[in-house]
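Commentary on secondary and tertiary structure
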Protein chains: 2
Amino acid sequence: MSRTAFDFAPLLRPNLPPAAVRYSGFPAFNFVGGHNDAATTPVDGLIDAAASVLMREGATLATYGLNSGPLGYIGLRQFLAKKLHRQAGITCSTDEILITSGSNQGLDLINQVLVAPGDTILMEQASYGGAISRFTRHGANLVGVALDKEGLQPDALEAAISNLKANGVRPKYIYTIPTVQNPTGAIMGPQRRADILAIAANHAIPIVEDECYSDLLWTPERPKAMKAMTALGNVIFVGSFSKSIAPALRVGYVVADWSILSRMLACKTDAGTGALEQMVLAEFCEKHFDTHVGTLNKVLKRKLDVLVEALGEHFGTAAEFEVPKGGIFLWVKLPDCVDTQKLAQAALKAGIAFNPGPEWAIDKQWGRPRLRICFANPTETALRKGVATLAEVCHREMGVPARIGNVALS
Amino acid sequence: MSRTAFDFAPLLRPNLPPAAVRYSGFPAFNFVGGHNDAATTPVDGLIDAAASVLMREGATLATYGLNSGPLGYIGLRQFLAKKLHRQAGITCSTDEILITSGSNQGLDLINQVLVAPGDTILMEQASYGGAISRFTRHGANLVGVALDKEGLQPDALEAAISNLKANGVRPKYIYTIPTVQNPTGAIMGPQRRADILAIAANHAIPIVEDECYSDLLWTPERPKAMKAMTALGNVIFVGSFSKSIAPALRVGYVVADWSILSRMLACKTDAGTGALEQMVLAEFCEKHFDTHVGTLNKVLKRKLDVLVEALGEHFGTAAEFEVPKGGIFLWVKLPDCVDTQKLAQAALKAGIAFNPGPEWAIDKQWGRPRLRICFANPTETALRKGVATLAEVCHREMGVPARIGNVALS
């Protein structure tokens, strides 16, 4: 039947985001998003896990929530309780863990429970773009706090809170990414964590601790989670399997006291997070999590080395950055004359996608010459070639770098 | 570390739903919700499907959206395009199908795009409780329209629209469940569908056609979907794998013209629906969907027969109902003196859960003596024993039925 167009326009809700554009595949140089290394995907382990868990418990798929209730598959919560105790120092029961459809759903539930339009959230002045955009869409007022090599700065946090207090505002929470901060890669040390916990406790402000990247470390030791360092119960911990296992599996989690978790659970009206993904993850992780993450981190470290080398080769001193000790991204500052949003448009024509700084920054002007380069998904060849091409585009469009490959360009 | 309670209460957003209660397992007689028959869960087929699809495409899990883009796994959309054409008469491209995390996410996205607080939705006066509750929470004004053995009544729909028009209200859409209406089990015939489409077209109102149960039929033929009967593009079709395969797999779908689907997609900020569930479903359904659903329907039909027999035996003429030709639920009317919400509380103490009518009705008073009994999950023994026990509770609490098992009770 040939179609005549029904006009939905007069019926649309006001202030919608722009319509999605049709998907046309990934760019050749995909330096954007939380994609991971394809070759390291533990395919065989996932196949074995699927067979073993479905053989044992497959019939439970016939009931919503399996036999585990709305918090999520009990096997996965049991794995997490052990893992979080061992690796992050967190002591929690399985009833204090809520499995979510990706960590973003966790953030949405926190906002549904705590944040009304106009409420204030404190966060690092450079932070996860997906958090900035969804908090903004939720109607929150975002206040950026300065960060340094160890992440969120206590003095700046105290000052921001005092400033808000003087204006009669009590922030709803502090959103922080202490381990492998997104995008800076900063790792917050124990003393800094304690200082920030003290400030939050003093002002009775909750902390949302987003630890999505904390498994991807090549330092000897992961610092204790902030959640593990306080008995106050004001820390809501958010984690994910997207980075440690695979991003297309949409499984994250929230760890929090029942007093607040029960409010979030009441807002989780999706009839449960995908059960097969939860079951397969639990079965796989119970046996292979540490080994897999160890292998993955070696690959990531190697790719970061390649990226750093390529940036040095093609951008020289024009690209400034701290080399992170974990994660999947590098936060790069180009000379102030560079507008990375304009650069992103030009780069896309050359098949290169990256995150321009303003999308990852509260202060868009501060973010303007900055960009985030994700290095987990591209091959080493693509990393080298992509950076070389980006340097050419950047030179052509912005006059930076002045020299490419140690050869002065006209 | 022992816990001191942080007081979240002053920070909570106003008008939250009550806190969730701790899960304590399913009731002994679980006549509630969309659970399915556990023994029919196609465990072996799912294991084979997982192995085969992961072997072939497992490495794509490393990228968000696999290699399929944000509409969902292309293999599943291809299966659906063929299935919907064959069984529902719908002609659509894979770009007009959006895979969602359960059909409820589809409903949420429709509301995010079309419905602002105070906007009006027309729907059958008895309808899916999960739709009633989420539309209400979204701030919509729900107008119930009378239904009969064929579902939504065209005359009543026309009258409701005129009445709204007289008050300056253009409804945002008509929500209807034409095939195995939830909860009445009504199946709308082709002429009725055409009549309702004509009314909607005449008033330029979209239709949301929820076909979550339309695979579960024991009539010779599934009527063509309303979506297939118009070229106007005003029908948004919603479907699910929850009822045909397994409810714990959270995979639904929306079929709509790109003009409105692209707006919904822009609001889908969950970074994709669980990929493993999509991949395994596509692989399984491509080979086994029709066979599996055929087997399942035989089991469901048998369980319905048992339920109907048990109701006849224990409630006699006190329980009035139409025997549906498909689905997983029976909509029962008890004598007007019965308050099914009170009955539900008493029944729960005896281990019986059912959906009291007011939760499945726009007019709560009309719903008061009615209830929905889901029959897919309980065993035949549990169906018989549960109905017998319910009759005892109902007799004790409400004096209905007057006689049990053809024996007059004191």
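Structure's up top.
A few points on the structure. Remember, predicted model here, so these are calculated numbers, not experimental data. (Residues numbered from 1 in each chain as written. Chains lettered and ligands numbered in written order. Predicted model: local features only at pLDDT ≥ 70, side-chain atom pairs only at ≥ 80, totals over all residues. Heavy atoms only, no water.)

Further remarks concern the packing of aromatic side chains. Summed over all chains, the structure comprises 22 aromatic pairs over all chains. The interplanar angle of 35° and the centroid separation of 6.4 Å between the aromatic rings of Phe79 of chain A and Phe241 of chain A together place this pair among those described as tilted. One end of the pair, Phe79 of chain A, is in helix H2 (residues 74-88); the other, Phe241 of chain A, is in the loop between strand E9 (235-240) and strand E10 (252-255), with 162 residues separating them in the sequence. In this pair, the class of Phe79 of chain A matches that of Phe241 of chain A, namely buried. Ring geometry for Phe135 of chain B versus Tyr173 of chain B: centroids 6.1 Å apart, planes at 90°, classification edge-to-face. Of this pair, Phe135 of chain B sits in helix H4 (residues 129-137) while Tyr173 of chain B is found in strand E7 (residues 173-176), placing the two residues 38 residues apart along the sequence. Looking at Phe135 of chain B, the relative accessible area reads 0%, which means it is buried. Grouping aromatic residues by their ring pairs yields a cluster made of Phe79, Phe241, Tyr253 and Phe289 of chain A. We note Arg370 of chain A situated over the ring of Trp366 of chain A; from NZ or CZ to the ring centre the distance is 4.1 Å. (Phe/Tyr/Trp six-rings, centres within 6.5 Å; stacked < 30°, edge-to-face > 60°. Helix = DSSP H or I, 4+ residues; strand = E, 2+ residues; numbered from the N terminus. Buried < 20%, exposed > 50% of the residue type's maximum accessible area, 1.4 Å probe, protein only. Lys NZ or Arg CZ within 6 Å of the ring centre and 35° of its normal.)

This part takes up the pairing of strand E10 (residues 252-255) of chain B. All names here are of chain B. On E10, burial covers both faces: Gly252 and Val254 on one face and Tyr253 and Val255 on the other are all buried. As judged from the four bridges shared by strand E2 (residues 97-100) and E10, these two strands associate in the antiparallel manner. Its bridge partner being in E10, Thr100 is matched across the sheet by Gly252. Two elements, strand E9 (residues 235-240) and E10, share four bridges in a ladder whose sense is antiparallel. Bridge assignment links Val238 to a residue of E10, and that residue is Val254. (Pairing = 2+ DSSP bridges.)

So, about the pattern of salt bridges. Following the criterion strictly, the structure yields 46 salt bridges over all chains and no others. Its salt-bridge partner being Asp215 of chain A, residue Arg222 of chain A comes within 3.4 Å of it at the nearest N-O pair. We note that Arg222 of chain A, like Asp215 of chain A, is buried. For Arg368 of chain B, the salt bridge identified is with Asp339 of chain B, shortest N-O distance 3.8 Å. Of this pair, Arg368 of chain B sits in the loop between helix H10 (364-367) and strand E14 (370-374) while Asp339 of chain B sits in the loop between strand E11 (329-333) and helix H9 (340-349), placing them 29 residues apart in sequence. One network of salt bridges, in which partners are shared, links Lys83, Glu211, Asp215 and Arg222 of chain A. (Salt bridge = Lys/Arg side-chain N within 4 Å of Asp/Glu carboxyl O.)

The two copies are related by a screw operation: chain A maps onto chain B through 180° of rotation and 0.0 Å of translation along the axis, at an RMSD of 0.0 Å. In symmetry terms, the pair is related by a two-fold rotation axis. Comparing interface residues between copies, 100% of those in chain A also lie at the interface in chain B; the contact surface is shared. (Least-squares fit on C-alpha atoms with pLDDT ≥ 70 in both. Contact = heavy atoms within 4.5 Å.)

Residues and elements named next belong to chain B. Overall, antiparallel pairing links the three strands, which are arranged E11-E14-E13 in an open sheet. The sheet is open, and its two borders are formed by E11 and strand E13 (355-356), each paired with just one other strand. Here E11 pairs with E14 via five bridges, running antiparallel. Counted as the bridge partner of Trp331 is Arg372 from E14.

Quick look at the interface of chain A and chain B now. The partner chain B presents 100 residues to the 100 residues of chain A that form the contact. Taken together, the two surfaces of chain A and chain B that pack against each other cover about 8200 Å², and 63% of this comes from carbon and sulfur. The tally of links between chain A and chain B comes to two salt bridges. Residues Arg22 of chain B and Asp95 of chain A are paired through a salt bridge, measuring 3.4 Å at the closest nitrogen-oxygen approach. At the boundary of chain A with chain B, the tally comes to 33 residue pairs in polar contact (both at pLDDT 80 or more). Listing elements by their share of the side of chain A that touches chain B, those giving two or more residues are helix H1 (43-57), helix H3 (103-114), helix H4 (129-137), helix H7 (258-267) and helix H8 (275-315) of chain A. In terms of residue count, the dominant contributor to the side of chain A that touches chain B is H7 of chain A (eight residues). Class assignment of the residues belonging to the side of chain A that touches chain B gives a composition of 57 nonpolar, 27 polar and 16 charged. (Buried area = accessible area lost by both parts, 1.4 Å probe. Polar contact = N/O pair within 3.5 Å; in protein donor to acceptor, adjacent residues only side chain to side chain. Nonpolar A, V, L, I, M, F, W, Y, C, P; charged D, E, K, R; others polar.)

Turning next to H2 of chain A. All names here are of chain A. With 15 residues, H2 ought to run about 21 Å at 1.5 Å a step, and its terminal C-alpha atoms sit 20 Å apart, in line with that. All of the buried residues along H2 are Gly75, Leu76, Arg77, Phe79, Leu80, Ala81, Lys83, Leu84 and Ala88. Of the surrounding elements, those touching the buried residues of H2 are strand E2 (97-100), E9, E10 and H8. Just past H2, the residue Gly89 takes up positive phi, approximately 75°. (Expected span 1.5 Å × (residues − 1).)

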